[in-house]
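Observations on the model geometry
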Amino acid sequence: MAHRIILEKMAHESTPFPYSIEVYEQNQTDPVYHIHQHCQITQNTGGKVVYMMDEQRVELGYGDVLLINSNIPHICLSESAAQRRNLGFYPEMLEFNKYCRIYSSFINILYSNMHPYLHLRRGSGAEEDIIKIIEDIFRLQSRDYMAFDGVVHNRLLDMSILLIQWIVQQEGKNVLGISRELYKSIEYIEQNYMEAITMEDAARVAGLNSSYFSHSFKKSLGISFKQYLNRKRLEEAAVELTTTEKQISEIAFSCGFGSVTSFYENFIKLYKISPKRFRDLNMKRQV
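Residues numbered from 1 in each chain as written. Predicted model: local features only at pLDDT ≥ 70, side-chain atom pairs only at ≥ 80, totals over all residues. Heavy atoms only, no water.

1. Here we look at the overall build of the chain
Operational definition: By definition, any uninterrupted DSSP run of H or I lasting at least four residues is a helix, any uninterrupted run of E lasting at least two residues is a strand, and each is numbered from the N terminus. Relative accessibility under 20% of the residue-type maximum defines a buried residue, over 50% an exposed one, and the middle range a partly exposed one, all with a 1.4 Å probe and only protein chains included.
When its secondary structure is counted, the chain shows 10 helices and nine strands. By the burial criterion, 50% of the 287 residues in the chain qualify as buried.

Structure below.
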């Protein structure tokens, strides 16, 4: 794989805002599911670029952009002649000033497992404005700016605000429609996913009856309570598999699964490989 790092300030340099820009001119010869702690933005600059994540196959047309959130297992299946460029950054390091602080409460939703990925198609109305900002960021590295990191940060902030507005318009993902009650249930899931919690438990925390809670959760988030909880557990397990030496059985139970068999079945269904294979491939990749 021809891979050029254009600019990297993720870990190796002292910078107020870490980020990286990379160019891939060919696909990997042995693509594997992998994860990383930063958010990844990929743009197709030539050929056929395909990603798999969350049981979904996403094919990027020329100029299309794909945002993959942190700790979301994904795999690139592009053809050998494909070309793409990546931008990496940490969403939690974005800082909102007083003029756009109203959007800050939605950042945790935008950059969360509620949206494992976002596919922006070139030439599709509001999506085009977001893509232009991303292309501006890719071009910035060739210019001699003072406070370069600040320029990148501010453009990413612009992009994030437009992404929030764009999501609001998408069917089944009414971010602004999420009530305080549902926020409470989401926080409850995030804090207790490792326990044997049920939809009734989350509904009780939200102060809603189970039937109304189930309907509101699916309508506002686009997925059911069970799907959200299961995905949260699997994503945390994927992180544990690649960052610790814990036994797989220990990871299964610590992430809230009732049995190792259930963990294996759910993991393979989502990521298409076993937890052991996932760990082996990612450890090899890191080496």
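2. A short note on the environment of Y228
Following the sequence through the fold, Y228 ends up in helix α7 (residues 225–243). Overall, Y228 belongs to the buried group, its relative accessible area being 1%. Sequence separation between Y228 and I189 is 39 residues; the distance between their C-alpha atoms is 8.8 Å.

3. Comments concerning the pairing of strand β3 (residues 39–46)
Keep this limit in mind: One requirement defines pairing of two strands: DSSP has to find at least two bridges between them.
Across the eight residues of β3, seven count as buried, placing the element largely inside the fold. Pairing of β3 with strand β8 (residues 83–89) involves seven bridges; the strand directions are antiparallel. The residue of β8 that forms the bridge with Q43 is R85. As judged from the four bridges shared by β3 and strand β6 (residues 65–68), these two strands associate in the antiparallel manner. Residue pairing across strands places Q43 opposite V65, the latter belonging to β6.

4. Concerning helix α9 (residues 260–271)
An α-helical turn contains 3.6 residues, so any two residues separated by three or four positions project in the same direction. To be explicit about the condition: Multiply 1.5 Å by the residue count of a helix minus one, and that product is the helix's expected span. Each direction from the helix axis to a C-beta atom contributes to the arc, which is the arc of those directions.
For α9, spanning 12 residues, the distance from its first C-alpha to its last is 16 Å, which sits close to the expected 16 Å at 1.5 Å a residue. Looking at α9, one finds that the buried residues are F263, F267, L270 and Y271. Seen from one end, α9 has its buried residues packed into an arc of 75°, which puts them on one side. Summarising the geometry of α9, the exposed residues directed more than 90 degrees from the buried face are T261, E265 and K269. Taken from the residues just after α9, K272 is the one with a positive phi, measuring 70°.

5. Quick word on the side chain of S185
Residue placement: S185 occurs in helix α4 (residues 180–192). Judged by its relative accessible area of 0%, S185 is buried.

6. Describing the packing of helix α5 (residues 199–206) against helix α6 (residues 210–221)
Using the following cut-off: Lines fitted to C-alpha atoms define the axes here, with helix axes fitted over just the stretch in contact, and angles between the N-to-C directions of these axes take values from 0 to 180 degrees. Angles are sorted into four bins: roughly parallel if under 35 degrees, roughly antiparallel if over 145, roughly perpendicular if 65 to 115, and oblique for all others. In what follows, a contact means two residues having at least one pair of non-hydrogen atoms within 4.5 Å. Here the nonpolar group is Ala, Val, Leu, Ile, Met, Phe, Trp, Tyr, Cys and Pro; Asp, Glu, Lys and Arg are the charged ones; every other residue, Gly included, is treated as polar.
Two elements in contact, α5 and α6, have axes whose closest approach is 9 Å; the angle formed by their N-to-C orientations is 90°. Judged by the inter-axis angle, α5 sits roughly perpendicular to α6. Listed contacts from α6 to M199, E200, A202, A203 and A206 of α5 are S210, F213 and S214. By residue class, the composition of the contact of α5 with α6 is five nonpolar, two polar and one charged.

7. Topic: the sheet that holds strand β5 (residues 56–60)
The strand order across the open sheet built from three strands is β5-β4-β7, with neighbouring strands paired in antiparallel fashion. Among the strands making up the open sheet, the edge pair consists of β5 and β7 (75–76). The pairing of strand β4 (residues 49–53) with β5 spans five bridges and is classified as antiparallel. Its bridge partner being in β5, M52 is matched across the sheet by R57.

8. Looking at the nonpolar core
Most often, soluble globular proteins have nonpolar side chains that are buried together. Formally: In plain words, nonpolar cores are sets of buried Ala, Val, Leu, Ile, Met, Phe, Trp, Tyr and Cys residues tied together by side-chain atoms within 4.5 Å.
If you look at the biggest cluster of nonpolar residues, it comprises 53 residues, and the most contacted ones within it are F89, Y111, L156, M159, L163 and F217. Counting residues per element, this core draws most heavily on helix α3 (residues 148–168), which supplies 10 residues. Those residues within four positions of Y111 in sequence are excluded, and the remaining contacts are C39, L67, N69, F89, P91, L94, M159, S160 and L163. If you look at the next biggest cluster of nonpolar residues, it comprises 19 residues, including C255, F257, F263 and F267.

9. Structural notes on unusual backbone geometry
With a phi angle near 60°, N71 is a residue other than glycine that sits in the positive phi range. With respect to the helices and strands, N71 occurs in the loop between β6 and β7.

10. A short note on the packing of α4 against α5
Worth spelling out the cut-off: Working rule for handedness: look at the near helix, and if it is turned counterclockwise from the far one by less than a right angle, call the crossing left-handed; if clockwise, right-handed.
As a packed pair, α4 and α5 sit with axes 8 Å apart at the nearest point and diverge in direction by 135°. Judged by the inter-axis angle, α4 sits oblique to α5. The two elements α4 and α5 cross, and the hand of that crossing is right-handed. Residues E181, K184, S185 and Y188 of α4 lie in contact with α5, whose contacting residues are D201, A202, V205 and A206. Here the residues of the contact of α4 with α5 are counted per class, giving four nonpolar, one polar and three charged.

11. Some words on α7
In this model, α7 (19 residues) spans 27 Å end to end at C-alpha, consistent with the 27 Å of a helix rising 1.5 Å per residue. In terms of burial, α7 is a largely internal element, 14 of the 19 residues being buried.

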